[in-house]
Amino acid sequence: MPVLTRYQLLSVDVRSGSKVKTGRLNQDRFFTEFDQSYAGKLCNSHLNILLSKKEQFVGSKTLNSALRFVSMALKTNKMRKMC
């Protein structure tokens, strides 16, 4: 299962006012590219935020967001291997 769901991608399309019709093939291509290129980096950056809390100030909203992201990511097997 990709990090972003199809519903999230479609809602972004609708909110941005994009008139480009995205087909299932384009969505699958986007999901595989996102998983290969960005998902691991996102997970590592959020883990670094959590670990840097000990040495430096991290805002409560940033910390809360990082905690939510990491907890959701660890629920899937694919992201558990990336983190």
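Just so it is clear, the structure is predicted and the values come from calculations on it, not from any experiment.

**Comments concerning the overall build of the protein chain**
Point 1. Looking only at helices and strands, one finds 4 helices and 0 strands in the protein chain.
Point 2. Tracing the protein chain from N to C terminus, the helices and strands come up as α-α-α-α.
Point 3. Every one of the 83 residues in the protein chain was classed for burial, and the buried ones make up 22%.
Point 4. Here the analysis covers contacts within the protein chain between residues at least 6 apart in sequence; of these, 46% occur between residues at least 24 apart.
Point 5. Accessible surface, the protein chain: about 6,500 Å² in total, of which carbon and sulfur atoms supply 59%.

**Some points on helix 2 (residues 24-52)**
Point 1. Between its first and last C-alpha, helix 2 extends 39 Å over 29 residues, near the 42 Å set by a 1.5 Å rise per residue.
Point 2. Listed in full, the buried residues belonging to helix 2 are Gln27, Phe31, Phe34, Asp35, Ala39, Gly40, Cys43, His46 and Ser52.

**Thoughts on the nonpolar core**
Point 1. Membership of the largest hydrophobic core is limited to 5 residues, which are Phe34, Ala39, Cys43, Ala73 and Met79.
Point 2. Among the elements that take part in this core, helix 2 stands out by supplying 3 residues, more than any other.
Point 3. Dropping the residues within four chain positions of it, Ala73 is found in contact with Met79 and Arg80.

**Structural notes on the packing of aromatic side chains**
Point 1. Taken as a whole and judged by the stated rule, the model has 3 aromatic pairs.
Point 2. Ring geometry for Phe34 and Tyr38: centres 6.0 Å apart, planes at 45°, overall tilted. A residue pair is termed a helical-turn pair when its members lie 3 or 4 positions apart in one helix, as Phe34 and Tyr38 do in helix 2 at 4 residues.
Point 3. Members of the aromatic cluster, joined through ring pairs, are Phe30, Phe31, Phe34 and Tyr38.

The rules behind the values
Residues numbered from 1 in each chain as written. Predicted model: local features only at pLDDT ≥ 70, side-chain atom pairs only at ≥ 80, totals over all residues. Heavy atoms only, no water. Helix = DSSP H or I, 4+ residues; strand = E, 2+ residues; numbered from the N terminus. Buried < 20%, exposed > 50% of the residue type's maximum accessible area, 1.4 Å probe, protein only. Contact = heavy atoms within 4.5 Å. Areas by Shrake-Rupley, 256 points an atom, 1.4 Å probe, with all protein chains shown as cover. Expected span 1.5 Å × (residues − 1). Core = buried A, V, L, I, M, F, W, Y, C linked by side-chain atoms within 4.5 Å. Phe/Tyr/Trp six-rings, centres within 6.5 Å; stacked < 30°, edge-to-face > 60°.

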